[in-house]
Structure formats: structure tokens, C-alpha cells
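A structural walkthrough
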Amino acid sequence: MADGDGFVDLRSDTVTKPTAGMRAAMADAEVGDDVYGEDPLVNALEERVAELFGHEAAVFVPSGTMGNQIGMRLVCQPGQEVLGDAEAHVVTYEMGAAAAVFGLSTRTVVSAGGVLDADQLIEQVRPFGNWHLTPTAAIAVENTHNRAGGLVQPLAQLEKLFAWSRDAGVAVHLDGARIWNAAVASGVPLSTYGRLADTASVCLSKGLGAPVGSVLLSSADRIAEARLWRKRLGGGMRQVGVLAAAGHHALDHHVDRLADDHARARTLAERLGVDPATVHTNMVVLDGVAAPMLTEAARAQGVLVSQVSATKVRLLTHLDVDDAAITRAAEVLAPLL
Ligand SMILES: Cc1ncc(COP(=O)(O)O)c(C=O)c1O
């Protein structure tokens, strides 16, 4: 299916438009003032997502960026550092918020293709109580890893890192914007991913197709503090049950179907001669291409793709990309490669 302008839009899974069913759920939503804690669908959504991931509490936030940044702030004080992958969303695409807004230092390691390597991170951790060093308070993990092409992190590495972090007194923050894709692809339950993080941000507005919204998860104490930060940042929303209704609808109808997005990404990769083994979830990466030229030529023929670098292009499948759209995208893109 092409969008209203006739484009097949593979730039991101954030471009989806609410389905008729989702719009109906939003229109029918019972609402209250969420800053007063009186929006029934927001309260239910927070409870529901906390339970799915086995966390004590949750708070609905407008974006994954706010979920990540507040999440990291909950486990890292100003002047301390968050350690993570050099290609992580939290350091690449969030406008330096950790430093600009919260006074957090960030340090990164260059991993092999974004794959979490617990030992590599552990080796870099700097201790508290040394007058010469910025102490590492938290490690940020991204699953699936966006810039690594939707990579699902190995469960054994997540477990190793988390087990180590308990003794070390270092927190783990999960950027789980696409944790649903990881769970569907790997068969690992959401609750398992949840228990391997102290704070986790999960998005309803990526593959799940809601127009807005993320949920930050942690302990009850931390989430109480997160509500303060959300308000300070201007993220206190009012009759936001209309958005929570979209979130509930997404959880009811759009999780299992992510397997279709993953299958379509593999099909697209095959048709473009990309090794399907490089397709982990809903992303296809075209590497070693003349990205600006390809992006423009594809747009001229009604296919929108995302330029990641001068030589890399990213294609994402999502709710608004059906089999016909994959066929059309392959017809346009294949001759350009
Ligand atoms: C891995 C990852 N984390 C966080 C975000 C931020 O989400 P938002 O755009 O809602 O701020 C994104 C957005 O695409 C993402 O891909």
C-alpha cells in the first residue's frame, strides 16, 4: 500500500498513520486529567506495560527520547557518566540531551556491528570514589539496535551484563524503542527483557503504529521521581487518554503482526540481493551505495528511503507497508543498485 501521496514510505516505522480501528478507539476514549492522575486509560496503560515487563511502575511519556533521557537521569546523577554503544540512539539522535538537559556525561565504545559485548563494556567502567575519574553510574543498551540495522541483542550478553551490574552497583538502562520487534523475532518474553534492566523506555509509536507515546518503566520510587522530571520538562499531559487508547489498541492488535514486517523485510532484502542474514527484524540496510543519488532517484519514482550516511541507506517495513508495496519498492530500487 502506498500512502495518501502515492509514496511507498520506507524511511522509518514512525511514519505509520493510525488505522481506522485505532482512530475509533481514540475517538471513544474515556479521559481525565492525567496531571491529576485521573486519566483512566493512561493509568491502565501504565499498569499494563509495567506488568508486561515485570516492573513495579511505569509512566506514559510523549516520546522515546523523553523516556530514555529521564530513564538515564533516574540512575545517573549530574557529573556521572552513562556508558553505551557509539552508535546508540541516546548519543546519536537525542540532541545531546543527557549533557544539555541533565548534566550527564556520556562515553561510548565502538562495538562489532552494534552487538552488545558485556565484557567490552565492563572493561570500560570507571569506579566511584576515585578523585581522578568520572564514575560510571549506568550502562545504556539498545534493543533492537536502530543504527545496527534492527539487530536483536544476544540474550546471553544481556544476562551477563545485568548479573555483573548487580555486584558492581552500576545500573542498566534499556532503550527498548523496538523491544517488541526483538521479542517477536527472538521469542524471548518481554518480561525477560524487562527484568534485565533497571530502567527501560519502550515505544508505542514505532512498529506498534500509535501516533504518539512511550512508556518508561522502573521501580515505584524511581517512577515517582520520573513524574517530577516529566512535569519539569513540560511533558505533563492532560486528557491524554486519547493517546493511551491508541497505545492499548496497538498492544491488542499490533504486536504479533510484527512478524509480518520482519518477513517482508527479508523478502525485500532477497529481491534486492541483500544477504537475508543481515535482516534481523524490520530493517534492510543497503551498504556501499551512492546514498544521495539512490535516495533522490527512488523518491522520483515514489519510494522514500532513509539515508544513514553517504554510502548507507535504510529501509524499514511497518504497518503501512504491504506485499504490494514491497513489490513496488523492489521494482524501483533493484535497478538503482
Ligand atoms: C532506538 C530508538 N530509541 C529512541 C528513539 C526515540 O523515539 P522518539 O522519536 O519517540 O523520541 C528512537 C526513534 O526512532 C529509536 O529508534
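Residues numbered from 1 in each chain as written. Predicted model: local features only at pLDDT ≥ 70, side-chain atom pairs only at ≥ 80, totals over all residues. Heavy atoms only, no water.

1. A word on the packing of aromatic side chains
Which entries qualify depends on this criterion: Two aromatic rings from Phe, Tyr or Trp, using only the six-membered ring of Trp, form a pair when their centres are within 6.5 Å; if the ring planes differ by under 30 degrees the pair is stacked, by over 60 it is edge-to-face, and anything between is tilted. Secondary structure elements are taken from DSSP: a helix is a run of H or I of four residues or more, a strand is a run of E of two residues or more, and numbering for both begins at the N terminus. For every residue, the accessible area obtained with a 1.4 Å probe (protein chains only) is divided by the maximum for its type, and the residue is called buried under 20%, exposed over 50%, and partly exposed between those limits. Charge-over-ring contacts are defined here by two conditions on Lys NZ or Arg CZ: a distance within 6 Å of the ring centre and an angle within 35 degrees of the ring normal.
Summed over all chains, the structure comprises 2 aromatic pairs. Considering the side-chain rings of Phe53 and Trp180, the 5.4 Å spacing of their centres and the 75° angle between planes classify their relative orientation as edge-to-face. Remark: Trp180 occurs in helix α8 (residues 179-186) and Phe53 occurs in helix α2 (residues 40-53); sequence separation between them is 127 residues. Comparing Phe53 with Trp180 shows no difference in burial state: the two are buried. The side chain of Arg232 reaches across the aromatic face of Trp229, ending 4.6 Å from its centre.

2. Section: the pattern of salt bridges
The line we're drawing: Each salt bridge in this description consists of a side-chain nitrogen of Lys or Arg and a carboxyl oxygen of Asp or Glu lying within 4 Å of one another.
Within the structure shown, the criterion is met by 13 salt bridges. Note that Lys160 is salt-bridged to Asp119, the shortest N-O span being 2.9 Å. Here Lys160 is found in helix α7 (residues 155-168), whereas its partner Asp119 is found in helix α6 (residues 118-124), with 41 residues between them in sequence. Residue Asp119 is classed as partly exposed on the basis of its relative accessible area, which comes to 39%. Asp261 is the salt-bridge partner of Arg257, the closest N and O atoms lying 2.5 Å from each other.

3. Observations concerning the site of the ligand
Put simply, the rule is: Nearness is defined per residue: one heavy atom within 4 Å of the molecule or strand is enough. Polar contacts, as counted here, are pairs of nitrogen or oxygen atoms within 3.5 Å of one another; within protein the pair requires one atom able to donate a hydrogen and one able to accept it, and residues that are adjacent in sequence qualify only if both atoms are side-chain atoms. Note on areas: Shrake-Rupley with a 1.4 Å probe; residue coverage comes only from the protein chains shown. A pocket, in this scheme, is an open set of points on a 1 Å grid over the protein atoms alone with protein on both sides within 12 Å along at least 5 of 7 lines, while a cavity is a set where a 1.4 Å probe fits but cannot get out; residues line either one if an atom lies within 4 Å of a point. The rule for placing a molecule in a cavity or pocket is simple: more than half of its atoms must lie within 2 Å of the grid points. Only Asp, Glu, Lys and Arg are considered charged in this grouping, and only Ala, Val, Leu, Ile, Met, Phe, Trp, Tyr, Cys and Pro are considered nonpolar; every other residue, Gly among them, is considered polar.
All residues in the neighbourhood of the ligand are listed as Ser63, Gly64, Thr65, Asn68, His89, Glu94, Glu142, Asn146, Asp175, Ala177, Arg178 and Lys206. Taking Thr65, its side chain carries an N or O atom lying 2.6 Å from an oxygen atom of the ligand. Asn146 is positioned with one of its side-chain polar atoms (N or O) 2.8 Å from an oxygen atom of the ligand. Protein contact buries 83% of the 390 Å² of open area that the ligand shows by itself. Judged by its atoms lying within 2 Å of the grid points, the ligand is housed in the largest pocket. Looking at which element gives the most residues to the shell around the ligand, the answer is helix α3 (residues 64-75), with 3 residues. The class makeup of the residues in the shell around the ligand is 1 nonpolar, 6 polar and 5 charged.

4. Notes on the UniProt feature "domain: Aromatic amino acid beta-eliminating lyase/threonine aldolase" (unreviewed entry) in the protein chain
Inclusion rule: UniProt positions are given in the numbering used here, feature names are shortened, and annotations may be inferred rather than shown by experiment.
Mapped onto this structure's residue numbering, the UniProt feature "domain: Aromatic amino acid beta-eliminating lyase/threonine aldolase" (unreviewed entry) falls at residues 9-281. Secondary structure across residues 9-281 divides into 43% helix and 14% strand, with the first and last C-alpha atoms of the span separated by 17 Å.

5. Observations concerning the layout of surface pockets
Rules: Grid points are joined across faces, edges and corners, and a volume is the space filled by probe spheres set on the points. Reported domain spans reflect what an automatic or database domain assignment gives.
Approximately 280 Å³ is the volume found for the largest pocket. The wall of the largest pocket is formed by 21 residues, among which His89, Tyr93, Asn146, Arg178 and Lys206 lie closest to the centre. Looking at the lining of the largest pocket, the elements that each hand over two or more residues are α3 and β11 (306-309). Split into classes, the residues belonging to the lining of the largest pocket amount to 4 nonpolar, 10 polar and 7 charged. Formed jointly, the lining of the largest pocket draws a minimum of three residues from each of two domains, domain 1 (8-16 + 256-336) and domain 2 (31-253). By volume, the second largest pocket is sized at about 190 Å³. Forming the boundary of the second largest pocket are Asn146, Arg147, Ala148, Gly149, Thr278, His280, Val285, Asp287, Val308, Lys312 and Arg314. Of all the secondary-structure elements, those providing two or more residues to the lining of the second largest pocket are β9 (283-287) and β12 (312-316). In terms of residue class, the lining of the second largest pocket is made up of 3 nonpolar, 4 polar and 4 charged.

6. Let's talk about the pairing of strand β5 (residues 136-142)
Put simply, the rule is: Whether two strands pair depends on DSSP finding at least two bridges between them. The path from the first strand over the helix to the second decides the hand: if it runs clockwise while the strands point away from the viewer, the crossover is right-handed.
Across the 7 residues that make up β5, a large majority, 7, are buried. In this sheet, β5 lies alongside strand β3 (residues 81-85) in parallel orientation, the contact comprising 3 bridges. Counted as the bridge partner of Val82 is Ala138 from β5. Note: β5 against strand β6 (residues 171-176), 5 bridges, orientation parallel. Of the residues in β6, the one forming a bridge with Ile139 is Val172. Assessed by its sense of winding, the connection that carries the chain from β5 through α7 to β6 is right-handed.

7. Quick look at the packing of helix α1 (residues 20-27) against helix α11 (residues 241-253)
Put simply, the rule is: Note on definitions: angles span 0 to 180 degrees between N-to-C directions of axes, and those axes are lines fitted to C-alpha atoms, for helices only across the stretch in contact. We call two directions roughly parallel when the angle between them is under 35 degrees, roughly antiparallel when it is over 145, roughly perpendicular when it lies between 65 and 115, and oblique otherwise. Here is the rule for handedness: rotate from the far helix to the near one, and if that takes an anticlockwise turn smaller than a right angle the crossing is left-handed, while a clockwise turn gives right-handed. In what follows, residue pairs with any heavy atoms lying within 4.5 Å of each other are defined as contacts.
Interaxial distance between α1 and α11 falls to 8 Å at its minimum, and their mutual angle equals 140°. In terms of axis orientation, α1 runs oblique to α11. α11 is crossed by α1, and the crossing has right-handed handedness. Two secondary-structure elements touch here, α1 through Gly21, Met22, Ala25 and Met26 and α11 through Val242, Leu243, Ala245, Ala246, His249 and Ala250. Looking at the contact of α1 with α11, its residues break down into 8 nonpolar, 2 polar and no charged.

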